[in-house]
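# Geometric and topological summary
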Amino acid sequence: MRNLMLFVLFLFPWGLYAQTDVEMRNAIEAYDYETPISCIAPACGDSVLTPLRAKALRAMNRYAEALKEWNSLLKADSTDVKTLIELGDCYRLVNRSDQAAICYEKSVAIRPENTFFRQQYIRTLLAIEDYKKARDASHAWLAEDTLSATGYKYLGMAYEGIAMSDPNELTNAFLAYNVSYRLDSLDGQTVAHIAAIFNNNNQFADAVDVTETYRLSDTLRVDVNRQNAKAYCMLKDYKMAVKRYEALKAMGDRSFTTLYYLGISHYGDNWVYGAQENLLEAHKKNPNDVNVLYYLAKASSRSSWKKEGVEYMEKAMELVVPTDSMMVRLYDGLAECYKSNGDLDEHIKALQQLYKLNKDYYIFYQIAQVYEWRRDDANAIYFYEKFMKLVPEDKRLILDEDGKPIEGALTRYQHAARQVEKMKSEDFFKNGK
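Computed from a predicted model, the values in this text were never measured in an experiment.

Tallying each qualifying case throughout the model produces 17 salt bridges. Between Glu 113 and Arg 111 there is a salt bridge whose closest N-O contact spans 2.8 Å. Linking Arg 254 and Glu 281 is a salt bridge whose minimum nitrogen-to-oxygen distance equals 3.0 Å. Here Glu 281 lies in helix 16 (residues 272-285) and Arg 254 lies in the loop between helix 14 (238-250) and helix 15 (256-268), a separation of 27 residues in the sequence. Exposure remark for Arg 254: the relative accessible area of 38% places this residue in the partly exposed category. Here the salt bridges do not stand alone but share partners, grouping Glu 212, Arg 215 and Arg 244 into one network.

It is worth spelling out the environment of Leu 49 at this point. Relative to the helices and strands, Leu 49 is located in helix 3 (residues 49-59). Distance from Leu 49 to Pro 36, taken between C-alpha atoms, is 8.4 Å for residues 13 residues apart in sequence.

Note: predicted coordinates in regions of low pLDDT should not be interpreted at a detailed level. Averaged over all residues, the pLDDT of the protein chain equals 90, while 94% of them reach at least 70. Across residues 1-17, confidence stays below pLDDT 50; counting only partners more than four residues off in sequence or on other chains, it has three contacts.

Judged by nonpolar contacts, the single largest core of 85 residues is most densely connected at Leu 87, Tyr 121, Ile 122, Leu 126, Tyr 245 and Tyr 260. In contact with Tyr 121, other than residues within four places in its own chain, are Ala 101, Tyr 104, Glu 105, Val 108, Lys 133 and Ala 137. By size, the runner-up hydrophobic cluster in this structure holds 23 residues, among which are Ala 368, Val 370, Ala 380 and Phe 383.

Side chains that are three or four residues apart share a direction in an α-helix, a result of its 3.6 residues per turn. Helix length check: helix 12 (residues 204-215), at 12 residues, gives a terminal C-alpha distance of 16 Å against a target of 16 Å (1.5 Å per residue), a fit within 8%. Inspection of helix 12 places Phe 204, Ala 207, Val 208, Val 210, Thr 211, Tyr 214 and Arg 215 among the buried residues, and these make up the whole buried set. Buried residues in helix 12 make contact with helix 10 (170-183), helix 11 (188-200), helix 13 (222-234) and helix 14.

Conventions and cut-offs
- Counting starts from 1 at the beginning of each chain's written sequence and moves along it residue by residue.
- For this predicted model, a pLDDT threshold of at least 70 governs which residues receive local features, and a threshold of 80 or more governs which side-chain atom pairs are given and counted, while totals over whole chains, interfaces and linings are taken from all residues.
- To obtain the side-chain values, all non-hydrogen atoms of the structure were included, while hydrogens and water were left out.
- A side-chain nitrogen of Lys or Arg and a carboxyl oxygen of Asp or Glu constitute a salt bridge if their distance falls within 4 Å.
- Numbering of helices and strands starts at the N terminus; helices are DSSP runs of H or I of at least 4 residues and strands are runs of E of at least 2.
- Residue burial is assigned from relative accessible area. The probe radius is 1.4 Å, only protein chains are included, and a residue is buried under 20% of its type maximum, exposed over 50%, and partly exposed in between.
- pLDDT expresses, on a scale from 0 to 100, how confident the predictor is about each individual residue.
- Any two residues having at least one pair of non-hydrogen atoms within 4.5 Å are treated as being in contact.
- To form a nonpolar core, buried Ala, Val, Leu, Ile, Met, Phe, Trp, Tyr and Cys residues must be joined to one another through side-chain atoms within 4.5 Å.
- Here the expected length of a helix is defined as 1.5 Å per residue gap, with one fewer gap than residues.

Structure (structure tokens):
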């Protein structure tokens, strides 16, 4: 009897624990996330209850606390892939994709045969624009699975990212997408990327072909339809472009590019009111886009907003033609860059252009110094003297309160006078002039 009682007492905590586990799971199933959050101790280290609390915290967007729960489990077992994946997902939700990538990478190292882990890892690398590492991870995946359409698609995306700094890699991107397309021609993301490359390379007919083929099975894919519509617009098939872009708008796509190209397509199809309406929406999204302003001005001037049309075109002109103050800044910066680069000829040219803009006589002093550095005394003297003639009388000397020159104080005017006298003296003794 005594042994039986001990056995019952031994089982009682485990029965209570199992009951708690079930209750917490039932609460989560019922979307009652507050119950596991309040009933389970924070970071208690329990391999069953802690994940339940972490999931409830994540569901309530309390990501920082959820991260603490998952990290507490990882300390106990750093090789638990379930914890690593959950932790990675949580990091990704708080835009800490670099940490998420580390978690996914560890998961791949532990379970290299798991396709999901590889996908999460590469997608995260692409998200943080670590394209070279994404390329290498894609190649590692394809070394194990040469028939993975997704692997080739991610490889294409990695090469396309690298191509932003090395355009030659775009060929590799296209080749990777092409293999992915041959393995799975119904992957809309792959089709959209291929069509985008065609459009960017002015191969608009090819973009139409690949997107229309895809549309035979799916007419609702937004990224494919955008490329399809753009290709029609670039081919000046404006009626079809309008049809495609209006369908995109009906699906809720009010992106800048859709509104812009729809406006252009309406304009090309001689429906200026439709053009004005959509270009005006695009303008609101990007007020300083010169192309939008140009077409909006033309559409407005041909419809009921003629005065506004003039204003839009004037605004475009302001954006394209820099102001004098901006040009002064640019030439001043250019002169400084040439000076740092040791290109004295271009430095002088930039300074001369700067003088034309701001008429600051101090620039002649700067030009004279450059010629002096070049040992071109004749030009140095010429520009020093031009500078000296323009310096106002009251700025040639530094005077004290009594109006007397301060001993030891040297103005640019005085420095220029000394340099001129020095160079003329040297020239006299050297050349008798």
